[in-house]
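# Coordinates in review
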Amino acid sequence: MTKKTQKIILWVIGIWLASCIVFGGIATLIDNSRDENVPELVADTTHDIKKDSLTLLKAKQLYDEMISFKDKEDFKTYGLGVGGPYNDWLKRFESFPKEDAKLLIRIYGFAIDDILQLALHYAEEPQIPSVKYIQRGDEIKTRIERIFDLQIRLATDYSSEVEKALASDDKEYIGKWKLTAKAKGYQSHVLEIFSSNGGYYYLMSFTDGTTDSGKLIRRGHMYYIAGNLGGEYYVALDKILLLCDDSGEYEDGTKGLYDITQLK
């Protein structure tokens, strides 16, 4: 073995050891940060909306940058390790002010450490990703992007767009279901989910003659109710309709609030 080859091997080993140390420290940092942030989950009615939005934008810039390099070959080689091309991103992430991170938790329920967790997830991608691995990444990614999307939705008035979609003759129906209330205080209704001019919408027709309608944001088979703070969404898959929120599925058609029947 030549001296040059020995130097290359030692350099690679050094990078690998440094990366292990960094990643180990990062995992501890995430756990500690989450523990510190839990007590901050309280309502705050005195915050500056513009300042809060700018703070969230700073976090989004870090997220967008990570998404832009996550599939690059050199990222799969070096990850966020010391000496690699993406260690600078890690340093900027670590310099994100703690007070700003606490503000994001308090105002938006958004843990910035989710961005780092997703970056590490992508850095550790196996050659043949398992279904479990893919689902884990999608879960974190959806959680992050829902917060960013929500801020855009809350600042947008969709009423005229929804009215136009309802009046349009160019509708493509995703599905139509009858939801028969099983719990006191809930009203039976017919739910229609449809698309029109590239957008997605819902219409609920209640038994008392009233209606409710709104904009939906599509994510695969998931249709998020725009502007809903609880993250409520529908899963429309073939004949199946699921009612869900940020905590997961809360109605499966056989128990809970409604009996759900698909309509032609």
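Residues numbered from 1 in each chain as written. Predicted model: local features only at pLDDT ≥ 70, side-chain atom pairs only at ≥ 80, totals over all residues. Heavy atoms only, no water.

## Things to note about the confidence of the model for the chain
Taken as a whole, the chain shows an average pLDDT of 80; of its residues, 76% reach a score of 70 or greater. Every residue in residues 3-13 scores below 50 in pLDDT, and together they form three contacts with partners more than four places removed in sequence or on other chains. (pLDDT = per-residue confidence, 0-100. Contact = heavy atoms within 4.5 Å.)

## Structural notes on the packing of helix α4 (residues 87-94) against helix α6 (residues 113-123)
Two elements in contact, α4 and α6, have axes whose closest approach is 11 Å; the angle formed by their N-to-C orientations is 160 degrees. When the axis of α4 is compared with that of α6, the two are roughly antiparallel. Note that α4 runs across α6; the crossing there is left-handed. Facing α4, whose interface residues are Trp 89, Leu 90 and Phe 93, α6 presents Asp 113, Ile 115, Leu 116 and Ala 119. Of the residues in the contact of α4 with α6, the class split is six nonpolar, no polar and one charged. (Axes fitted to C-alpha atoms, helices over the stretch in contact; angles between N-to-C directions. Helix = DSSP H or I, 4+ residues; strand = E, 2+ residues; numbered from the N terminus. Parallel < 35°, antiparallel > 145°, perpendicular 65-115°, else oblique. Left-handed = near helix turned anticlockwise from the far one by under 90°. Nonpolar A, V, L, I, M, F, W, Y, C, P; charged D, E, K, R; others polar.)

## A few points about the packing of aromatic side chains
Evaluation of the coordinates by the stated rule reveals 13 aromatic pairs. Considering the side-chain rings of Trp 89 and Phe 93, the 5.6 Å spacing of their centres and the 25 degrees angle between planes classify their relative orientation as stacked. Of the two residues, Trp 89 and Phe 93 are both situated in helix α4; the distance of four residues between them amounts to about one turn of the helix. You can call Trp 89 buried: its relative accessible area is 2%. Put simply, the rings of Phe 69, Phe 75, Tyr 86, Trp 89 and Phe 93 touch in pairs and so form one group of aromatic residues. In this arrangement the basic side chain of Lys 60 is found over the ring face of Phe 148, its NZ or CZ atom lying 5.9 Å from the centre. Here the guanidinium or amino end of Lys 70 rests over the ring plane of Tyr 122, the centre of that ring lying 4.6 Å away. (Phe/Tyr/Trp six-rings, centres within 6.5 Å; stacked < 30°, edge-to-face > 60°. Buried < 20%, exposed > 50% of the residue type's maximum accessible area, 1.4 Å probe, protein only. Lys NZ or Arg CZ within 6 Å of the ring centre and 35° of its normal.)

## Points about the pairing of strand β6 (residues 233-237)
Residues in a regular strand project their side chains so that they alternate between the two faces of the sheet. Counting buried positions along β6 gives four out of five residues, so the element sits mostly inside the fold. Pairing geometry for strand β5 (residues 222-225) and β6, over three bridges, is antiparallel. Considered in β6, the bridge of Met 222 is made with Val 235. By the bridge criterion, five bridges tie β6 to strand β7 (residues 240-245) in an arrangement that is antiparallel. In the sheet register, Tyr 233 faces β7, and the bridge partner there is Cys 244. With antiparallel pairing between neighbouring strands as the criterion, β6 and β7 make up a hairpin whose turn holds two residues, including Asp 238 at a positive phi of roughly 55 degrees. (Pairing = 2+ DSSP bridges.)

## Comments concerning the environment of Arg 136
Positionally, Arg 136 belongs in helix α7 (residues 131-154). Measuring from C-alpha to C-alpha, the distance between Arg 136 and Leu 118 comes to 9.1 Å, with 18 residues separating the pair along the chain. In contact with Arg 136, not counting residues within four places along its chain, are Gln 117 and His 121. Here Glu 139 takes part through its side chain, which lies 3.1 Å from a polar atom of the side chain of Arg 136. (Polar contact = N/O pair within 3.5 Å; in protein donor to acceptor, adjacent residues only side chain to side chain.)

## Description of the environment of Gly 84
Note on placement: Gly 84 falls in the loop between α3 (73-78) and α4. The spacing of Gly 84 and Asp 74 is ten residues in sequence and 8.3 Å in space, taken between C-alpha atoms.

## Focus on the nonpolar core
The biggest cluster of nonpolar side chains holds 31 residues, and the ones touching the most others in it are Met 66, Leu 80, Trp 89, Phe 110, Ile 112 and Ile 115. Elements with a minimum of two residues in this core: α2 (49-69), α4, α5 (98-108), α6 and α7. When residues in this core are grouped by element, the largest group, seven residues, is from α6. Core analysis: the next-biggest nonpolar cluster, separate from the first, contains 17 residues, Leu 179, Met 204, Ile 225 and Ala 236 among them. (Core = buried A, V, L, I, M, F, W, Y, C linked by side-chain atoms within 4.5 Å.)

## Quick notes on the environment of Asp 169
Here Asp 169 lies in the loop between α8 (159-167) and β1 (172-181). In this structure Asp 169 comes out as exposed when scored by relative accessible area, which is 81%. Separated by 27 residues in sequence, Asp 169 and Ser 196 place their C-alpha atoms 8.7 Å apart.

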